[in-house]
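The chain contents come next:
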Amino acid sequence: MTIGKKIIGGYAVTIAALAVVAGVSYYALNVTQSAYSEFIDVREGLVDAANELRFETRDRIAHLRAFFLFPENRAEYLKELEQNENKFKAVIENMQALVLTDDGRGMVDELAGLNVRHWAAIKNGIALSEQGKGKEALAANIKDVRPLSRELVDKADAFRDRQVRLMTEGRADVTGIVDGAFIATGIVSFLGILAAALLSFFLARTITRTLRESTSQLSSSAAEIVAMTTQVAAGTSETATAVSETTTTVEEVKQTA
């Protein structure tokens, strides 16, 4: 493998490590966001619904009292009571759609049953009042409506307190998920950096070894060239010496002749 290919391979591995880190971070972010969305949408939604039940129950009682206290406006207060009942049913249906556990579903069903009984007691008192039986209507209100009202508010409070407790526990769970995501991201990032560092060290050593081998080969070739040059120089010197001896011999022959 050439040096260029090794360098390109090192960059490719480093980019792949960074891609893994980015993928793990994205996954951790999605998990955290999903947990947080469930925590916000479900738990706080149920807490708000329980508070709304309490308010609607108290509004219902206020409208019922106004119904008995102000006979000239009974039609208006009766309409308010019916609207209140529709809101109550809508809140119960919303809670049934949001609740996640069997215990919570049982509490919502209990609230729905209490509301049916409460509304039946209210309609019974209204019917007695419209029949001119004011005392009977008041007695029915004290006997049936008032205890059911207190029970309904108490059950709504209990449900709200339970959801607040679960919400607190859920916040701790979300914190744990976030901490786990940060730890996982940190570990993967560290491993990616370590892998890139080891790869860089390995490539550096490989490239250095390759360059050293190339330098050694160049040195050997240079030594061979120097040796050959020395041999050529020696041959040239010997040739020059032979030529000089031949010239001397010729001169001697000339003188002898």
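Structure: see above.
Treat the numbers as computed from the prediction; the structure is a model and nothing was measured.

*Asks:* Please explain helix 2 (residues 74-98) as it appears in this structure.
*Replies:* Two residues of an α-helix separated by three or four positions point the same way, owing to the 3.6 residues in each turn. Taking 1.5 Å of rise per residue, the 25 residues of helix 2 would be expected to cover 36 Å, and the 36 Å separating its terminal C-alpha atoms lies within 8% of that figure. Looking at helix 2, one finds that the buried residues are Tyr77, Leu81, Asn84, Glu85, Phe88, Val91, Ile92 and Met95.

*Asks:* Even after reading the chapter, I still don't get helix 3 (residues 102-130), so can you show me in this structure?
*Replies:* Between the first and last C-alpha of helix 3 there are 42 Å, a value that for 29 residues agrees with the 42 Å anticipated at 1.5 Å per step. Downstream of helix 3 by one or two residues, Gly132 has phi in the positive range, about 85 degrees.

*Asks:* What exactly am I supposed to notice about the environment of Ser129 here?
*Replies:* When you line up the elements, Ser129 lands in helix 3. C-alpha separation for the pair Ser129 and Phe67, spaced 62 residues apart in sequence, amounts to 9.5 Å. With sequence-adjacent residues up to four places away left out, Ser129 is seen in contact with Phe67, Phe68, Arg74 and Ala137.

*Asks:* How should I be thinking about a nonpolar patch on the surface in this particular structure?
*Replies:* Side chains of Ile183, Ile187, Phe190, Leu191, Leu194 and Leu198 sit close together on the surface and give an oily, nonpolar patch of about 610 Å² of accessible area. Relative to the elements of secondary structure, Phe190 occurs in helix 4 (residues 134-256). For Phe190, a relative accessible area of 53% corresponds to the exposed category.

*Asks:* Could you clarify how one ought to interpret the pattern of salt bridges in this entry?
*Replies:* For side chains of opposite charge, pairing can occur when their charged atoms come near one another. Tallying each qualifying case throughout the model produces seven salt bridges. Arg54 is the partner of Asp157 in a salt bridge, and the nearest nitrogen-oxygen pair spans 2.2 Å. Residue Asp157 is located in helix 4, and its partner Arg54 is located in helix 1 (residues 3-69); the two are separated by 103 residues in the primary sequence. Grouping residues by exposure puts Asp157 and Arg54 together as buried. Residues Arg160 and Asp161 are paired through a salt bridge, measuring 3.3 Å at the closest nitrogen-oxygen approach. A relative accessible area of 43% places Asp161 in the partly exposed class. Among the charged side chains, a salt-bridge network with shared partners connects Arg54, Asp157, Arg160 and Asp161.

*Asks:* I tried to follow the nonpolar core on my own but got confused; where do I start?
*Replies:* General note: in soluble globular proteins, nonpolar side chains tend to be found buried as a group. Formed by 28 residues in total, the largest nonpolar core has its most connected members in Leu53, Ile92, Met95, Leu111 and Phe159. The dominant element in this core, judged by the number of residues it contributes, is helix 1, at nine residues. Those residues in contact with Ile92, other than ones at most four positions away along the chain, are Leu53, Val108, Leu111 and Ala112.

*Asks:* Help me understand the packing of aromatic side chains, please; the structure alone is not making it clear to me.
*Replies:* The way to describe two aromatic rings as a pair is by their centre distance and the angle between their planes. One pass over the structure, following the stated rule, counts two aromatic pairs. Seen from their ring centres, Phe70 and Tyr77 are 6.4 Å apart, and the 35 degrees between their planes marks the pair as tilted. The exposure class of Phe70 is partly exposed, given its relative accessible area of 38%. Across the ring face of Phe88, the terminal group of Arg60 is positioned such that the distance to the ring centre comes to 4.8 Å.

*Asks:* Please explain the packing of helix 2 against helix 3 as it appears in this structure.
*Replies:* The geometry of a pair of packed helices is captured by two quantities: the angle between their axes and the separation between those axes. Here helix 2 crosses helix 3 at 170 degrees, and the two axes come no closer than 10 Å. Between helix 2 and helix 3, the interaxial angle falls into the category roughly antiparallel. Contact with helix 2, carried on its side by Arg74, Leu78, Leu81, Glu82, Glu85, Phe88, Lys89, Ile92, Met95 and Gln96, involves Val108, Asp109, Leu111, Ala112, Asn115, Trp119, Ile126, Ser129 and Glu130 of helix 3 and no other residues of that element. Here the contact of helix 2 with helix 3 is composed, by residue class, of ten nonpolar, three polar and six charged.

Cut-off values and rules
- Here the residue numbers are simple positions, counted from 1 along each chain's written sequence.
- Where local features are concerned, this predicted model is filtered to residues with pLDDT of at least 70; where side-chain atom pairs are given and counted, the filter is 80 or more; whole-chain, interface and lining totals use all residues.
- Only hydrogens and water are set aside when side-chain values are computed; all heavy atoms of the structure are taken into account.
- For the purposes of this entry, the term helix denotes a DSSP run of H or I that reaches at least four residues, the term strand denotes a run of E that reaches at least two, and both are numbered from the N terminus.
- Any helix carries an expected span of 1.5 Å times its number of residues minus one.
- Three labels apply to residues, based on accessible area from a 1.4 Å probe with only protein chains included: buried if under 20% of the type maximum, exposed if over 50%, partly exposed otherwise in between.
- Any two residues whose heavy atoms approach within 4.5 Å at even a single point are treated as in contact.
- Excluding any residue in a salt bridge, patches collect residues exceeding 30% relative accessible area, merging like charges within 9 Å and nonpolar Val, Leu, Ile, Met, Phe, Trp and Tyr side chains within 5 Å.
- Using a 1.4 Å probe, accessible areas were evaluated by the Shrake-Rupley method; residue-level cover was limited to the displayed protein chains.
- Salt bridge, as used here: a side-chain nitrogen of Lys or Arg that lies within 4 Å of a carboxyl oxygen of Asp or Glu.
- By nonpolar core we mean a set of buried residues, namely Ala, Val, Leu, Ile, Met, Phe, Trp, Tyr and Cys, connected to one another through side-chain atoms within 4.5 Å.
- Ring pairs shown here join Phe, Tyr and Trp side chains whose ring centres sit within 6.5 Å, with only the six-membered ring taken for Trp; geometry is labelled stacked below 30 degrees between planes, edge-to-face above 60, and tilted in between.
- Definition used: whenever NZ (Lys) or CZ (Arg) falls within 6 Å of the ring centre and also within 35 degrees of the ring normal, the charge is taken to sit over that ring.
- Working convention: axes come from line fits to C-alpha atoms, limited for helices to the stretch in contact. Angles between N-to-C directions cover 0 to 180 degrees.
- The labels follow the angle: roughly parallel below 35 degrees, roughly antiparallel above 145, roughly perpendicular from 65 to 115, and oblique for the rest.
- Classification convention: Asp, Glu, Lys, Arg as charged; Ala, Val, Leu, Ile, Met, Phe, Trp, Tyr, Cys, Pro as nonpolar; all other residues, Gly among them, as polar.

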